[in-house]
Amino acid sequence: MDTFETRKNGCDIIPPIPAAEILEGKAEKSGNGGWSVPDREEEELEYAEKEEKSSPGIFSFAVILICALAVLWIYSMSSPFLASAMTAAGWKFWFSLGAGIFPPVAAIAVILVAVLKFRRVPKIERFDLSARSVKSRLRKLIAGKYISKFPDPEKYVRENGFGKENGTGKLVEGYLRRLKGIDDAGYSDAAGWMADFEKFNSLQKERAEQIAAVAWKRVWLSTSASPWKIIDMICVLHHSTAMITAIGKVFNRRTTSREAFRLAARWALNIYLSGEMGEWTSKGADTAFEGWKDTASSWIATALKPLSAAVGKVAEGGINAFLVNRLGRKAIDCFNPVVRRK
């Protein structure tokens, strides 16, 4: 049943508070002696934070294992050169030795550099910008746990390559200065601060997409021109790792162990496929040109052979680029501190 107010001469109906709400500590004493349930938005955000922090340590170990397997796979691809060095002499010995040692050493170096860079980036939970979230609470959380961790705005813009020629750099710097409170923005309420934060976040995402686009284009060009699959693997490893590291720096946030595991699994799969893609695309191109060779004259058939190889390499580069692009999009989703829960 509904209850009536305890105020003198009061007769407004107050909705009843379920006993469960009181027993679970979700209801509080109101000023009129009754019970009320406070805004649950803070509780929802704290739940989201706990969910992000709940990644078990097994995922951290799995990431290390995946990186080790990637290096081991690259070493297995270059080991024939080391075997050749044992029977070679002169410049052939040094060439084979270098070709055998360089790929795994380069892979280890790239991974270690990425790890060192990630250690400088704070690990921050995500923030839910769903429609039910209270702006004042969100502002307090984001300002204290995320924006306060950013370096000097000018340094952040410079180190993350925001374009100054088109004014984007100045725009990002201005937003960050106001959000950090360095410049007085004259916000009348939390809604104005949150609007600026969302614009700042959209510029972060735009920059991350540019980084991903540069990475997949470079992978396409380099793997299309590369004559050996070990070089393809090194190119994909280098550009993919640099892309993920750069995206993490743009958002100034490390992922959880669970998210890192998912990214590492995609990253390693791309490296493996880049080593196998050349053979698959070459066979596909040969099959596609087979009918032409049977009907064409001898000189045309001779010309079709290198054309078939070129088409196969371009296709290989395109598939590698597609996979790196997908990895970049996944990295943006993982590093972005903003989520909108349905």
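Quantities reported herein were computed from a predicted structural model and do not represent experimental measurements.

A.B. asks: Lay out the overall build of the chain in plain terms, naming residues and giving numbers.
C.D. replies: Secondary structure assignment for the chain yields 11 helices and 6 strands. Buried residues in the chain amount to 41% of all 342 residues. Within the chain, counting contacts between residues at least 6 apart in sequence, those at least 24 apart form 72% of the total. Of the roughly 19,300 Å² that the chain leaves accessible, carbon and sulfur atoms contribute 61%.

A.B. asks: For the side chain of Asn 336, give the residues involved together with the corresponding values.
C.D. replies: Tracing the backbone shows Asn 336 in the loop between α11 (298-335) and β6 (338-339). Here Asn 201 takes part through its side chain, which lies 3.0 Å from a polar atom of the side chain of Asn 336. Within the local environment of Asn 336, its side chain forms a polar contact with the backbone nitrogen of Val 338, the two atoms lying 3.2 Å apart. In contact with Asn 336, not counting residues within four places along its chain, are Arg 126, Asn 201, Lys 205, Phe 251 and Arg 253.

A.B. asks: Report on the nonpolar core, specifying residues and quantitative values.
C.D. replies: Grouped burial of nonpolar side chains is what soluble globular proteins tend to show. With 59 residues, the main nonpolar core has Ile 142, Ile 147, Phe 197, Phe 200 and Trp 267 as its most contacted residues. Leave out the neighbours within four places in its chain, and Trp 267 touches Ile 66, Cys 67, Ala 70, Ile 111, Leu 237, Ser 240, Thr 241, Ile 244 and Leu 327.

A.B. asks: I'd like a rundown of helix α4 (residues 91-119), residues and numbers included.
C.D. replies: In this model, α4 (29 residues) spans 41 Å end to end at C-alpha, consistent with the 42 Å of a helix rising 1.5 Å per residue. At Phe 102, α4 shows its largest kink, close to 30 degrees, and the proline Pro 103 lies no more than four residues downstream. Within the span of α4, buried status applies to Ser 96, Ala 99, Gly 100, Pro 103, Pro 104, Ala 106, Ala 107, Val 110, Ile 111, Ala 114 and Phe 118.

A.B. asks: Quick rundown of the environment of Arg 178? Include the residues and the values.
C.D. replies: Tracing the backbone through its elements, the reader meets Arg 178 in helix α7 (residues 168-180). Taking the relative accessible area as the measure of exposure, Arg 178 reaches 27% and is therefore partly exposed.

A.B. asks: Can you break down the packing of aromatic side chains residue by residue, with the values?
C.D. replies: The full count for this structure, using the stated rule, is 13 aromatic pairs. Residues Trp 193 and Phe 197 carry aromatic rings whose centres are separated by 6.0 Å and whose planes lie at 5 degrees to one another, so their mutual orientation is stacked. With a gap of 4 residues between them, Trp 193 and Phe 197 both fall in helix α8 (residues 190-225), about one helical turn apart. Accessibility assignment for this pair places Trp 193 and Phe 197 in one class, buried. Counting every residue linked through ring pairs, the aromatic cluster contains Phe 127, Tyr 146, Phe 150, Tyr 156, Phe 162, Trp 193, Phe 197 and Phe 200.

A.B. asks: Hey, could you go over helix α9 (residues 229-251) for me, with residue numbers and the actual values?
C.D. replies: For α9, which comprises 23 residues, the first-to-last C-alpha distance of 33 Å matches the rise-based estimate of 33 Å (1.5 Å per residue) to within 8%. Among the 23 residues in α9, 17 count as buried, and that is most of the element. Taken from the residues just after α9, Asn 252 is the one with a positive phi, measuring 50 degrees.

A.B. asks: Lay out the confidence of the model for the chain with the relevant residues and their values.
C.D. replies: With 72% of its residues at a pLDDT of 70 or more, the chain shows a mean pLDDT of 78. Note on residues 35-44: pLDDT under 50 across the span, and 28 contacts to partners over four residues away in sequence or across chains.

A.B. asks: Any details on a nonpolar patch on the surface? Residues and values, ideally.
C.D. replies: A surface patch of nonpolar side chains, about 620 Å² in accessible area, is lined by Ile 58, Phe 61, Leu 65, Leu 69, Leu 72 and Tyr 75. Inspection of the secondary structure assignment puts Ile 58 in helix α3 (residues 57-85). Residue classification places Ile 58 among the exposed positions, given a relative accessible area of 54%.

A.B. asks: Tell me about the layout of surface pockets, and name the residues and values.
C.D. replies: The gaps left among the atoms become clear once a water-sized probe is rolled over them. Counted as a void, the largest pocket has a volume near 730 Å³. In this structure, the largest pocket is lined by 21 residues; those nearest its centre are Val 63, Cys 67, Val 115, Phe 118 and Ala 260. Of all elements in the fold, only α3, α4, α9 and α10 (257-295) reach the threshold of two or more residues within the lining of the largest pocket. In terms of residue class, the lining of the largest pocket is made up of 13 nonpolar, 5 polar and 3 charged. Approximately 420 Å³ is the volume found for the second largest pocket. Lining the second largest pocket we find 22 residues, and of these Lys 117, Ala 242, Met 243, Thr 245 and Ala 246 sit closest to its centre. When residues of the lining of the second largest pocket are assigned to their parent elements, the largest contribution, 9 residues, is made by α9. Split into classes, the residues belonging to the lining of the second largest pocket amount to 11 nonpolar, 6 polar and 5 charged.

A.B. asks: Give a detailed account of unusual backbone geometry, specifying residues and quantitative values.
C.D. replies: Its identity as a non-glycine residue notwithstanding, Asn 252 has a phi of 50 degrees, on the positive side. Locating Asn 252 in the fold gives a position in the loop between α9 and α10. Relative accessible area serves as the criterion here: at 8%, Asn 252 is assigned to the buried category.

A.B. asks: Tell me about the environment of Phe 200, and name the residues and values.
C.D. replies: Looking at where Phe 200 falls in the secondary structure, it is placed in helix α8. You can call Phe 200 buried: its relative accessible area is 0%. With 24 residues separating them along the chain, Phe 200 and Leu 176 place their C-alpha atoms 7.3 Å apart.

A.B. asks: How would you explain the side chain of Asn 160 if you had to name every residue and give the values?
C.D. replies: By the secondary structure assignment, Asn 160 is in the loop between α6 (153-159) and α7. Residues within four places of Asn 160 in sequence aside, it is in contact with Arg 207, Ala 246, Lys 249 and Val 250.

About the criteria used
Residues numbered from 1 in each chain as written. Predicted model: local features only at pLDDT ≥ 70, side-chain atom pairs only at ≥ 80, totals over all residues. Heavy atoms only, no water. Helix = DSSP H or I, 4+ residues; strand = E, 2+ residues; numbered from the N terminus. Buried < 20%, exposed > 50% of the residue type's maximum accessible area, 1.4 Å probe, protein only. Contact = heavy atoms within 4.5 Å. Areas by Shrake-Rupley, 256 points an atom, 1.4 Å probe, with all protein chains shown as cover. Polar contact = N/O pair within 3.5 Å; in protein donor to acceptor, adjacent residues only side chain to side chain. Core = buried A, V, L, I, M, F, W, Y, C linked by side-chain atoms within 4.5 Å. Expected span 1.5 Å × (residues − 1). Bend = angle between axes of the 7 residues up to and from the residue. Phe/Tyr/Trp six-rings, centres within 6.5 Å; stacked < 30°, edge-to-face > 60°. pLDDT = per-residue confidence, 0-100. Patch = residues over 30% accessible without salt bridge, like charges linked within 9 Å, V, L, I, M, F, W, Y side chains within 5 Å. Salt bridge = Lys/Arg side-chain N within 4 Å of Asp/Glu carboxyl O. 1 Å grid on protein atoms, 1.4 Å probe; cavity = no way out; pocket = protein on both sides within 12 Å on 5 of 7 lines; lining within 4 Å. Points joined across faces, edges and corners; volume = space filled by probe spheres on them. Nonpolar A, V, L, I, M, F, W, Y, C, P; charged D, E, K, R; others polar.

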